[in-house]
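Reading the structure
These are the residues of each chain, in order.
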Amino acid sequence: MSSPSSSIRGARQASRNSIMEPPTTTTKSVQTFDITYPLALSHKKDRYLPSKITPSNRRRRVSVEVHKVLPQFEEEKRTSSVSSESRGSLLSARRLSQDENPDTASSPEICYIKILMNTAANPIETLVFRKRKGKTDSQLDRSGQESVADSTVCDHSLVEELANSIMTEATTTNNLVNSLGDWFAKYEVPLKRFDIVEKKKRTVIVTFLFRGLQLRREFIFDSEQDANRFCQVIEREKQLLGRRAKARLDAALGDIKLKEGERLSLLIDIVSAADLPTKSPDPYVIARLQGKRIHKTGYISNSNNPIWTLRKGSLFVLNVDALELFEATGGLILEVKDYDAYTKHESLGALSVSPKTLYNWNGERKEFDLKALSGETVYNEGKLVLRVRRATDHDIEFMEKYNKSKKFDIKNVTDDLLPSLETGGSALKKLIKNNKKTEMGQTKFLVRPGPDPKRKLETEWLTKEQIEEEAWKPSHSWLDIGSGNLGKVFVEVIKCDGLPNMDTGSAFGNLTDAFVSLVYEDCFARTHTVDDCLSPRFMPWSRRAFILHTMHTSSQLFVGVFDSDPHSSHELLGRVSVDLTNLIPNMIYTMKYNLFNTAKCNPRGEKCGSITLRLRLELESERKLLLSNLHYPDSVYVNSDNKKDFKVMHQTVHGNVDMKKYGLANINQYIEELWDYLTVYYYLEDSFKSLILWRSKTTIPIPVPRLIPLSMRWVSLSMPLHSLMAFLCLIGMVENPELMPTFFFGSIGWILMATMEYRTSGPDPWDRCKSFQHYFWSLIWGDGLIKPHYIESNENIERIKEREKAWKKRVKDAERKAEEYALEQEQYWKEMEALGDIDDDLCVVKKKITFNPTKAYLYPIQQWLGWIINALRITKNIVIWEESYISFWFAAVSFLLSVLSLFVPWSLIVKWTMRITVYVFFGPWMKLVDIYYIQVDEAEESERNDRQKSERQEYLADQILQAQIVRENNTKLLDFKQYMFGEHITKVNIMKKDRFTDKPLPESSAVVYKPEKKSLGSIAMQEAGYHTVRVDGQHLVGEMIPKIHEMPSTTAPIGKPTKKVDEDIPNYNDSYSIAVAKVGTIIVGATILSVFFVPNLLGIFSELISKDMHA
């Protein structure tokens, strides 16, 4: 006979540490049948032990159970579960209806087939089963440090994992069926994996999938009636499978319509967690779908607010059929666990992401509250942050490569960025090798690093004059690096002179092995090494020519000269920062600089030789460069996988003095620089005297007509224009005080224009800057007024020396007067002390001043001083037009505000503001405000304080959130850059923040660039990148999985860059007519506004005032 159906008490606890976890369920209905279970002689063939000789311990029970899936989280489950008392006893033969269990009426249903075994009749199998189960649990508990790759691998199939997990659940079932004779489930199989093959009277042959094997078994029922009923139950439940699946799918889809066969590739980023419970946990995250573990992050030590990065397993791609995703019960489960090397990994909370949310997610950052899983400790605190979007082809390719190899193949990216150095071998080999010989009365030198590959015999030994001639020839090949799109900088390292010898054994010819490194924005490169030479010449066939791409106009080219050492760190000889802001495009600059160890602090020390560079700029458009300065530049970093290369990069940018390192010397340097800024007094004094004494001279071109021949002649007229403007403006302000805001804004632009004129009118061509008129013309027409021109070597050298000499004399005289004044004051105070109480002198004890500062007190002061100094340096560079693009915008905005302020009725605004303030805030009605608003009872005051406190907390929470987002982005980007380019990172300054500015020496020169005429074949080869090696920079773009910003390697042969137009990006490079139309429209609109709107506005105000006065 069949046993009655029963309802099992309580909800089963999900297995926490198994690879495949079943959903938490509550039993809806159970139908149980007693059977004889003949021993299978083979699982492949239909061979069983005859039923007559089947032993009694082969008695089994088979149950058909329908379960409702409950929420996996403790809080949700607590509200939806039904108490054990309401479900009745285990022996009650009734089925729960939806009316009796309304909270679970809409829950999905799953049907299982269980084969139950009696523990008393099978003690050996029971012990083996329980021992295997316990061993599996302990192994899974210790798998916390398992790699991400291993976490997705399983020894068994999906069904075997399901069976294993269900075995874990059998202990609970065992406790619940003790009253029936200690029956426990040996097999538990979902109905969709269970089939009836054949029925013979009271014998039913079935097949089911278990542990990856398709098993075939024979059930012998007590009666044919039981066999028929069993088959009917299975058939009925099979018919309900599709309906149940469709109901679950419709509920999950909602209004989403899937395409046939649609597959999803989701990029999932486990960003961070916040406010995790317990003290200093080691959290990691496990992701599960349909109970199967699909991903596991690494753990982060001692952190309640961890941020997972690429190398901590934050990213993974989920490839899944869209239909299977929506059919999944419970969605995507992410559980945060606390790693422990010796004990069980404690669950800190989990969350469930629905398939609909995953399907519609578009990469935005979302926070989820963590809740306790069923049976786990309830903390009710902590958050987990996720980002999900559809994975692109780049994302899939990147993750596949990352999963195969945890080390990024940086050779493809940085082989040409970081070439190996030619050091010339050991010191003994250098001593044996001769670098000089005499041939036919001429002294020849060995060409280093090697001869021209195309002329080896001719160029192996050359005279000094021949080497110099060869060095000035055009370079044979170029290294194209960087990520900018505003322009290109063509740099050639020609030579160095007078380098110090850093090697021992100079008497035997062992001299400095020099190479030059260059750092520009997001790229780093260096030349070949020239061995044993204090005045090296870099040959055109060696690596010396570079094409750098510009991202911002303020970027400097940092150049360093080093002594190569194969066994230890390369030693810095000197460095220089080349300012490219005020250079003119399509000019070939030959610039010579003195080398110093640092530009951050004083003293710079003696010069360490000189370096000669050849540069040329190609700009897409001056207007585009000008508009790019409307936003502050992003920070730029350069990475290296080699510590020696990192030190080279760092010293090339910052020199050999680290001003960020704590030390009293650095604090003194900052204080000294602050005192040096007092020299602005000399500039102000000189400017003020020139202004009020009408000494300043400004050259103004005036057109003068000529009758014979009929033409126009321009005559330069020198006049004190600034003094005249100051006089007229002050008269206007005295007579009309309401114009003070206009003159205030105008004076800012006027000061900038004065400093610009001082620089542009100077005799030194290398100290001049681009003018305001040049940028204004660029804004209208796209190209500036300053055209390519020639600069001669030592141009205006005598006038430059006279000007420097006069200025130094002026500063020296002022310093001498300041010292004399200080001595007079000191003598005065000594005399005053002599008149004081004599006891004061007796009590004076000379104390030795000692400095024993602690870092905790002085290091914050040093950091604040550094911030102030950097702000002053940037301000100074803007005022003196070192940052000429930014200076133009400050001057233009000042003039615009000055003009707009001219039409604002400031007197009316001030008058009515004062009236409103007096009448509203100082009248007797303020007593009512005090009674009804200020003086409130304790309840209202408490409510107001709570409201203000809530507002402050909301504001603080928003600020904390923004800071956390920045911290997450920076941490993840840093890890990406370290993974892709190297562990060592150097920050490259975009804005000019050096204390000293490197200026080209007077020997420098410039000529107009005239591209040579080439054949069509040569043009095609050049456009195809012939003799040019393209290496991408280190600028990463994109979110979640950023990629290298790639630039095309082709260059046009006429000195203008090729341009790829992107329709999605606004094009600021308008044509001349469009630009004129835009600016003309603005001018006409401003004129109409000024002529018609302002007078009418003034008339309205006057009429209102007159009415008030008459009233």
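What this report covers is the structure whose coordinates are included nearby. (Residues numbered from 1 in each chain as written. Predicted model: local features only at pLDDT ≥ 70, side-chain atom pairs only at ≥ 80, totals over all residues. Heavy atoms only, no water.)

**Side note on the environment of Leu315**
Along the chain, the position of Leu315 falls in strand β13 (residues 315-321). Leu315 sits in the buried class, given a relative accessible area of 5%. Each C-alpha atom, one on Leu315 and one on Val388, is 9.7 Å from the other, the two residues being 73 residues apart in sequence. Not counting the four nearest positions on each side in its chain, Leu315 is found in contact with Leu267, Ile268, Asp269, His295, Leu310, Met399, Phe976, Met1040 and Ile1041. (Helix = DSSP H or I, 4+ residues; strand = E, 2+ residues; numbered from the N terminus. Buried < 20%, exposed > 50% of the residue type's maximum accessible area, 1.4 Å probe, protein only. Contact = heavy atoms within 4.5 Å.)

**Brief notes about a negative patch on the surface**
Residues Asp937, Glu938, Glu940, Glu941, Glu943 and Asp946 make up a contiguous surface patch of negative charge. Mapped onto the secondary structure, Glu940 falls in helix α26 (residues 938-981). (Patch = residues over 30% accessible without salt bridge, like charges linked within 9 Å, V, L, I, M, F, W, Y side chains within 5 Å. Areas by Shrake-Rupley, 256 points an atom, 1.4 Å probe, with all protein chains shown as cover. Salt bridge = Lys/Arg side-chain N within 4 Å of Asp/Glu carboxyl O. Lys, Arg positive; Asp, Glu negative; His and termini not counted. Charge placed at Lys NZ, Arg CZ, Asp CG, Glu CD.)

**Quick word on the sheet that holds strand β23 (residues 514-520)**
Taken together, 4 strands build an open sheet; the order of strands is β24-β23-β26-β27 and the sheet is antiparallel. Looking at strand neighbours, the two that pair on one side only are β24 (523-526) and β27 (571-579), the edges of this open sheet. Looking at each pair of strands side by side, their axes are set apart by 20 degrees on average, direction ignored. For β23 and β24, the ladder comprises 4 bridges, and the chain directions are antiparallel. Among the inter-strand pairings, Val519 is bridged to a residue of β24, identified as Phe524. The sheet strands contacting helix α14 (residues 643-654) are β23, β24, β26 (556-563) and β27, and the helix crosses β26 at an angle near 125 degrees. (Pairing = 2+ DSSP bridges. Axes fitted to C-alpha atoms, helices over the stretch in contact; angles between N-to-C directions.)

**Considerations on the sheet that holds strand β18 (residues 436-439)**
The sheet built from 3 strands is open, its strands ordered β18-β19-β20 with antiparallel pairing. Both outer strands of the open sheet, β18 and β20 (461-462), are each paired with one neighbouring strand and no more. Here 2 bridges tie strand β19 (residues 442-446) to β20, and the two strands are oriented antiparallel to one another. By the bridge assignment, Phe445 is partnered in β20 with Leu462.

**Description of the side chain of Thr459**
For Thr459, the location among the structural elements is in helix α11 (residues 456-459). Within the structure, Thr459 has its side chain in polar contact with the backbone nitrogen of Asp452 (distance 2.9 Å). One polar contact links the side chain of Thr459 to the main-chain carbonyl oxygen of Arg455, over a distance of 2.5 Å. Excluding anything up to four places from it in sequence, Thr459 contacts Val447, Pro451, Asp452 and Trp541. (Polar contact = N/O pair within 3.5 Å; in protein donor to acceptor, adjacent residues only side chain to side chain.)

**Details of the packing of aromatic side chains**
Per the stated rule, a full pass over the model turns up 25 aromatic pairs. Both rings, one in Tyr299 and one in Tyr339, keep their centres 4.3 Å apart while their planes meet at 10 degrees; by these two values the pair is stacked. With a gap of 40 residues between them, Tyr299 in the loop between β12 (292-296) and β13 and Tyr339 in the loop between β14 (332-338) and β15 (346-353) connect regions that are remote in the sequence. For Tyr299, a relative accessible area of 23% puts it in the partly exposed group. On the basis of relative accessibility, which here comes to 9%, the residue Tyr339 falls in the buried class. With 5.7 Å between their ring centres and 50 degrees between their planes, Tyr775 and Phe888 make a pair best called tilted. Here Phe888 lies in helix α23 (residues 884-902) and Tyr775 lies in helix α19 (residues 772-781), a separation of 113 residues in the sequence. Taking relative accessible area as the criterion, Phe888 reaches 1% and is therefore assigned buried. Ring pairs connect the aromatic residues Phe33, Tyr187, Phe194, Phe208, Phe219, Phe221 and Phe230, which therefore count as one cluster. (Phe/Tyr/Trp six-rings, centres within 6.5 Å; stacked < 30°, edge-to-face > 60°.)

**Describing the nonpolar core**
Formed by 57 residues in total, the largest nonpolar core has its most connected members in Leu557, Val578, Ile611 and Leu615. The biggest single contributor to this core is strand β29 (residues 610-619), with 5 residues. Formed by 37 residues, the second largest nonpolar core is a distinct cluster that contains Phe316, Leu318, Leu334 and Leu358. (Core = buried A, V, L, I, M, F, W, Y, C linked by side-chain atoms within 4.5 Å.)

**Here we look at empty space enclosed by the protein**
Summed over all chains, the structure comprises 6 cavities of 30 Å³ or more. Empty space within the second largest cavity amounts to approximately 100 Å³. Residue lining of the second largest cavity: 13 residues in total, with Thr553, Leu580, Leu617, Leu619 and Leu625 positioned closest to the centre. By residue class, the composition of the lining of the second largest cavity is 8 nonpolar, 4 polar and 1 charged. (1 Å grid on protein atoms, 1.4 Å probe; cavity = no way out; pocket = protein on both sides within 12 Å on 5 of 7 lines; lining within 4 Å. Points joined across faces, edges and corners; volume = space filled by probe spheres on them. Nonpolar A, V, L, I, M, F, W, Y, C, P; charged D, E, K, R; others polar.)

**Focus: helix α5 (residues 224-253)**
With 30 residues, α5 ought to run about 44 Å at 1.5 Å a step, and its terminal C-alpha atoms sit 44 Å apart, in line with that. When the local axis directions of α5 are compared, the greatest deviation, roughly 30 degrees, occurs at Leu240. Within the sequence span of α5, burial applies to Asp226, Ala227, Phe230, Cys231, Val233, Ile234, Glu237, Arg244, Leu249, Ala252 and Leu253. Trailing α5 by a residue or two, Gly254 shows a phi angle of about 65 degrees, which is positive. (Expected span 1.5 Å × (residues − 1). Bend = angle between axes of the 7 residues up to and from the residue.)

Take it as geometry only, folks, not as evidence of what the structure does.
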